[in-house]
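# Inside the fold
Single-letter residue listing:
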Amino acid sequence: YLETDLPMIGWVATAPELATLMDHILSDDHVLTADTRDIMLRCPSLPCWQGRKKYFSMGWEVSRDGSGHFSLSKDGTLPGTGLG
């Protein structure tokens, strides 16, 4: 019963609302400080993530291209429901 689980498993938002939120999180010091953003994007010190360009950090999949650029993603699937 997904309807009863929504408050504990995720956000409900339109794509434009989510894009606006992420823009504010990544660029507005009133939402997160630069230090907090750095922590949010930092590669965990666990051995399984060392040397990887893609890793899981603070709830987000972070992909880095080696030139300082990154992308964030979150698939939002429940365990056992994803493809692949």
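The structure this text deals with has already been given above.
Residues numbered from 1 in each chain as written. Predicted model: local features only at pLDDT ≥ 70, side-chain atom pairs only at ≥ 80, totals over all residues. Heavy atoms only, no water.

### Points about the sheet that holds strand β1 (residues 54–57)
The line we're drawing: DSSP-based pairing: two strands are paired if at least 2 bridges between them are found. Here a helix means four or more residues in a row that DSSP labels H or I, a strand means two or more in a row labelled E, and each is numbered from the N terminus. In this description, a line fitted to the C-alpha atoms serves as the axis of each element, helices being fitted only across the stretch in contact, and the angle between N-to-C directions of two axes falls anywhere from 0 to 180 degrees. Should any heavy atoms of two residues lie within 4.5 Å, those residues are counted as being in contact.
The sheet built from three strands is open, its strands ordered β1-β2-β3 with antiparallel pairing. Edge positions in the sheet fall to β1 and β3 (70–73), since each has one partner strand and no second. Across the sheet, the mean angle separating the axes of adjacent strands is 25° when strand polarity is ignored. In the sheet, strand β2 (residues 60–64) pairs with β3 via four bridges, with the strands oriented antiparallel. If you follow V62 over to β3, its bridge partner there is L72. Sheet contacts for helix α3 (residues 34–41): β1, β2 and β3; angle to β1, the most-contacted strand, approximately 120°.

### Some words on the environment of K74
Just so we agree on the cut-off: Burial here depends on accessible area, computed with a 1.4 Å probe over protein chains only, as a share of the maximum for the residue type. Under 20% is buried, over 50% is exposed, and the range in between is partly exposed.
Topologically, K74 is positioned in the segment after β3. Judged by its relative accessible area of 49%, K74 falls in the partly exposed class. Along the sequence, K74 and G59 sit 15 residues apart, while their C-alpha atoms lie 7.7 Å from each other. Residue contacts for K74: discarding those within four places in its chain leaves F56, G59 and W60.

### Some details on the nonpolar core
The test is simple: What makes a nonpolar core is a set of buried Ala, Val, Leu, Ile, Met, Phe, Trp, Tyr and Cys residues whose side-chain atoms join them at distances within 4.5 Å.
Judged by nonpolar contacts, M22, I25, M40, L41, Y55, W60 and V62 together constitute the single largest core of seven residues. Elements represented by at least two residues in this core include exactly α2 (15–27), α3 and β2.

### Let's talk about the side chain of S57
Selection criterion: Here a polar contact is recorded for every N or O atom pair within 3.5 Å, except that within protein the pair must consist of a potential hydrogen donor and a potential acceptor, and residues adjacent in sequence are included only if both atoms are side-chain atoms.
Within the fold, S57 resides in strand β1. Among the residues examined, S57 registers a relative accessible area of 4% and is labelled buried. Here M40 takes part through its backbone oxygen, which lies 2.9 Å from a polar atom of the side chain of S57.

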